[in-house]
Amino acid sequence: MDAPYHRLLVVDFPACFGFYDAVLPPLTGAALVKGSPEGPYATWDLGGRTVLSLFDRGRLAAAVGTAALPGAPVAAAQDGTMLVLRVEAVEQALARCLRGGGTPVTGPADRPEWGPDLRTAHLRDPEGRLIELQSY
């Protein structure tokens, strides 16, 4: 049985697939085990367990009867979730993510108030989801 994992529901499957396929293997060791840029599904595993999966948002909406609802929040709001990736070197991980299609939010910074020796950087994936890169 799989442990719980995140499945991101995405609109631009090719862009999101390209981003996560460019960053997950080198940063986490997770390997693509199913899927392609055409979608509608992809999953990356590590040690036989799913780390992250993507699924086409429109297909899920059709399956659960929510296709007629708005696909995005009506107004801007603070982030409600964040994907956190522990990495060896924040600077190099951020550079890789930006080359893969991410958008920078904050540069690398020491965060002693969050934890001893904690260093972070923040970025957004191609659909705007917040990601934290951290080392400690």
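Here we summarise the structure given alongside this text. From a predicted model like this one, the values you see are computed outputs, not experimental measurements.

## Describing the sheet that holds strand 1 (residues 6-10)
(1) Moving on: Pairing is mixed across the open sheet formed by four strands, whose spatial order is 1-4-3-2. Of all strands in the sheet, those bounded by a partner on one side alone are strand 1 and strand 2 (31-34). Averaged over all adjacent pairs, the angle separating strand axes in this sheet is 25 degrees, with direction ignored.
(2) Moving on: Along the sheet, helix 1 (residues 13-28) contacts strand 1, strand 2, strand 3 (41-46) and strand 4 (49-56); its crossing angle with strand 3, the most-contacted strand, is approximately 5 degrees.
(3) Moving on: Contacts between helix 2 (residues 57-64) and the sheet are confined to strand 1 and strand 4, with strand 4 contributing the most and set at about 80 degrees to the helix.

## What about the side chain of Arg 111?
(1) Moving on: Note on placement: Arg 111 falls in the loop between strand 6 (103-110) and strand 7 (119-124).
(2) Moving on: One buried charged residue, Arg 111, remains without a salt bridge, the closest side chain of opposite sign being Glu 113 at 4.5 Å.

## Quick word on the pattern of salt bridges
(1) Moving on: Inspection of the entire model under this criterion finds five salt bridges.
(2) Moving on: Residue Arg 119 pairs with Glu 91 through a salt bridge whose shortest N-O separation is 2.5 Å. One end of the pair, Arg 119, is in strand 7; the other, Glu 91, is in helix 3 (residues 90-99), with 28 residues separating them in the sequence.
(3) Moving on: Classification of Glu 91 by relative accessible area gives partly exposed; the value is 36%.

## Overview of the state of the cysteines
Put plainly, two cysteines are in a disulfide when a covalent bond ties their sulfur atoms together.
(1) Moving on: In this structure the tally under the stated criterion is zero disulfides.
(2) Moving on: Between Cys 16, a free cysteine, and Cys 97, which holds the nearest cysteine sulfur, the sulfur-to-sulfur gap is 13 Å.

## What to know about the layout of surface pockets
(1) Moving on: Of the volumes computed, that of the largest pocket is approximately 580 Å³.
(2) Moving on: As for the largest pocket, its lining consists of 21 residues, of which Arg 57, Asp 79, Thr 81, Gly 128 and Arg 129 are closest to the centre.
(3) Moving on: By residue number, the principal contributor to the lining of the largest pocket is strand 1, which donates four residues.
(4) Moving on: For the lining of the largest pocket, the class distribution of residues is eleven nonpolar, five polar and five charged.

Here is what the cut-offs are and how they apply
- Residues numbered from 1 in each chain as written.
- Predicted model: local features only at pLDDT ≥ 70, side-chain atom pairs only at ≥ 80, totals over all residues.
- Heavy atoms only, no water.
- Pairing = 2+ DSSP bridges.
- Helix = DSSP H or I, 4+ residues; strand = E, 2+ residues; numbered from the N terminus.
- Axes fitted to C-alpha atoms, helices over the stretch in contact; angles between N-to-C directions.
- Contact = heavy atoms within 4.5 Å.
- Buried < 20%, exposed > 50% of the residue type's maximum accessible area, 1.4 Å probe, protein only.
- Lys, Arg positive; Asp, Glu negative; His and termini not counted.
- Salt bridge = Lys/Arg side-chain N within 4 Å of Asp/Glu carboxyl O.
- Disulfide = S-S within 2.5 Å.
- 1 Å grid on protein atoms, 1.4 Å probe; cavity = no way out; pocket = protein on both sides within 12 Å on 5 of 7 lines; lining within 4 Å.
- Points joined across faces, edges and corners; volume = space filled by probe spheres on them.
- Nonpolar A, V, L, I, M, F, W, Y, C, P; charged D, E, K, R; others polar.

Any functional reading would require information beyond the geometric quantities listed.
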